[in-house]
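Understanding the architecture of this molecule
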Amino acid sequence: MLRRAIMVLAGALALVLGGHGLLPDLGGFTPVLESLLPWLGVTVPFLLIGALVTRSWPVIVAALLPATVWGIMFGPTLLRTVPGGPSDVSVATINVGAANGDSARAVRAVSGGRDLVAVQELTEGGPAAKELDARFPHRYQVNTVGLWSRFPILQARRVDIGLGWARALRAVVQTPKGRLTVYVMHLASARPGQTAQRDETLTQAGRLVERDRSERLLLLGDLNTATTDRKRAGLVPPLLDAQQEAGSGFGFTWPASFPVTRPDHILYRGLTAATAGVEAAAGSDHRAAVASFRLRRGTP
């Protein structure tokens, strides 16, 4: 019975890992599964231990199958070498939490040495906004999202992501090496069985990026979708993910106390990611996503 159980579980795990993209929605279960996909690897050691106990080579080989699939899928993430090197612009995005009494301390820590800081769940004139106003010469805010910049903001406007109220913006900043278009977005929340509005905002975000002809573009924000969620495919590609290109590890950001998934993202095109990572944000239930980039000289 033990041998049979291990072989069945190992086969099922390998199929789920390798074929999750083919699974139906299953009443909202699939998005949750995909968000937690890397954590399925936790079961692999237990399967291997059980297989060794049976002393059966067929069972051991079966237990190695999901381990191999997981390694192919996520091994490069854990073994990636960070490119590093010089950079021209350092950015951060943070969901400070609307009820966070420590929001000023959160943005103070995250903004140190940064050129661009994107914030979600802001309160107008609240502690986080006041702290950033004191640290950056340029800003643009739309309701609960905002962008603070050390570079001049040449253009800025709110953009529609299908929520019925503005929770996203587009700005063009003037860096020493030319213009850089920056989107800041806070997409709709997703819960088991309730992802329709989130999916709609993801689709709208993809359309905005597709229509935007900017040579260099950043998308920062709480996108409420995991790196492994199939619904993110409309954004990555065509955009690249800073954490996947220049980060170490999975870069989970939520929940802050013990992150298990990554709803906060730094996506880009027309730049070269040098570093990426995650930093603590006092009082928030999210951790901040950070990255640095090299820019080639572009549009003056």
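About the cut-offs
Residues numbered from 1 in each chain as written. Predicted model: local features only at pLDDT ≥ 70, side-chain atom pairs only at ≥ 80, totals over all residues. Heavy atoms only, no water. Helix = DSSP H or I, 4+ residues; strand = E, 2+ residues; numbered from the N terminus. Rg over C-alpha atoms; globule rule 2.2 N^0.38 Å. Buried < 20%, exposed > 50% of the residue type's maximum accessible area, 1.4 Å probe, protein only. Contact = heavy atoms within 4.5 Å. Lys, Arg positive; Asp, Glu negative; His and termini not counted. Charge placed at Lys NZ, Arg CZ, Asp CG, Glu CD. Pairing = 2+ DSSP bridges. Axes fitted to C-alpha atoms, helices over the stretch in contact; angles between N-to-C directions. Patch = residues over 30% accessible without salt bridge, like charges linked within 9 Å, V, L, I, M, F, W, Y side chains within 5 Å. Areas by Shrake-Rupley, 256 points an atom, 1.4 Å probe, with all protein chains shown as cover. Salt bridge = Lys/Arg side-chain N within 4 Å of Asp/Glu carboxyl O.

Scanning the chain from terminus to terminus reveals 8 helices and 12 strands. Here the C-alpha atoms of the chain give a radius of gyration of 21 Å, agreeing with the 19 Å that 2.2 N^0.38 yields for 300 residues. Taken over the C-alpha atoms alone, the chain extends approximately 65 × 40 × 35 Å along its principal axes. Put simply, the chain has 300 residues, and 54% of those count as buried. Relative to all contacts within the chain whose residues are 6 or more apart in sequence, the contacts with residues 24 or more apart total 66%. Each charge class in the chain can be summarised by its mean position, and for the 32 positive and 22 negative side chains these summaries are 4 Å apart.

Below, the discussion takes up the sheet that holds strand 8 (residues 217–222). Read across the open sheet, the 6 strands follow the order 5-6-7-8-10-9; overall the sheet is mixed. Of all the strands in the sheet, the pair left with one neighbour each is strand 5 (153–158) and strand 9 (240–241). By the bridge criterion, 2 bridges tie strand 9 to strand 10 (residues 264–269) in an arrangement that is antiparallel. Within strand 10, the residue paired with Asp 241 across the bridge is Leu 267.

All right, on to the sheet that holds strand 3 (residues 138–142) then. With mixed pairing, the 6 strands of this open sheet are ordered in space as 3-4-2-1-12-11. Of all the strands in the sheet, just strand 3 and strand 11 (272–279) have a single pairing partner and so form its edges. Within this sheet the neighbouring strands show an average axis-to-axis angle of 15°, counted without direction. Relative to strand 4 (residues 145–149), strand 2 (residues 116–120) runs antiparallel, the two being bridged by 4 bridges. Bridging from a neighbouring strand, Val 119 pairs with Gly 146 of strand 4. Each of strand 1 (89–95), strand 2, strand 11 and strand 12 (288–294) touches helix 5 (residues 103–111); the most contacted strand, strand 1, lies at about 160° to it. On top of the sheet, helix 6 (residues 127–135) reaches strand 2, strand 3 and strand 4; it is set at about 20° to strand 4, its chief contact.

On the surface, a cluster of nonpolar side chains totalling about 560 Å² of accessible area is made up of Val 32, Leu 36, Trp 39, Val 42, Phe 46 and Phe 258. Relative to the assigned elements, Phe 258 resides in the loop between helix 8 (242–246) and strand 10.

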